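# A look at the structure
What follows is the residue order along each chain.
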Amino acid sequence: MVVSVTRVMVVRRPLAEVVAYLTDFARTEEWDPGTVRCVRLDDGPGRPGARWRNTSRFRGRTTELRYELVVRESARLVFVGENRTVTARDDLRFAEEGTSTRLTYAASLTFKGFARLAAPFLRGEFEGLADGVVTRLPAAAEAWRP
């Protein structure tokens, strides 16, 4: 069972700067209301294969996922996180909008095993987290200084 959300927001920064900011998934601590901690597991530039350990809180429980950057294009980033009960996918698409950037944020959770039974009951909370991203992400990206 998959639970998906999509949000569109405008960030008042040029596209290349917004992509640079979001390429480092450790910054989810700044803009994702569910993230408690996110640590890079390797070194080097943000390119496909880069990995992070993300600790999140969802429904009062703390869980850890290992994320990997799987797509890095000039106007798209895709991160996939996984643990034994869920696979998470964050697909970020960017478009120039004057001097700003329109960001389409699509996130999905694919539950495994017995966790699939709970998926229909989690949509509301997942929607709430996505609303929090819309509130926090533009401000965090706009405040960032490369």
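Our subject is the structure that appears above.
Bear in mind that the values here come from a model prediction, so they are computed numbers and not experimental data.

Rules and cut-offs
- Residues numbered from 1 in each chain as written.
- Predicted model: local features only at pLDDT ≥ 70, side-chain atom pairs only at ≥ 80, totals over all residues.
- Heavy atoms only, no water.
- Buried < 20%, exposed > 50% of the residue type's maximum accessible area, 1.4 Å probe, protein only.
- Helix = DSSP H or I, 4+ residues; strand = E, 2+ residues; numbered from the N terminus.
- Pairing = 2+ DSSP bridges.
- Phe/Tyr/Trp six-rings, centres within 6.5 Å; stacked < 30°, edge-to-face > 60°.

## With respect to the pairing of strand E5 (residues 76-82)
Both faces of the sheet carry side chains from a regular strand, because those side chains alternate between them. Burial of E5 is extensive: 5 of the 7 residues sit out of reach of the surface. Alignment of strand E4 (residues 61-73) against E5, held across 7 bridges, turns out to be antiparallel. The residue bridging Glu68 from the neighbouring strand is Val80, located in E5. Joining the antiparallel neighbours E4 and E5 is a turn of 2 residues. Pairing of E5 with strand E6 (residues 86-97), which is carried by 7 bridges, proceeds in the antiparallel orientation. Bridge pairing in E6 links Leu77 to Leu92. Remark: 3 residues form the turn of the hairpin made by E5 and E6, two consecutive strands paired antiparallel.

## Structural notes on the packing of aromatic side chains
Scanning the entire structure with this criterion turns up 6 aromatic pairs. Members of the aromatic cluster, joined through ring pairs, are Phe25, Trp52, Tyr67 and Phe79.

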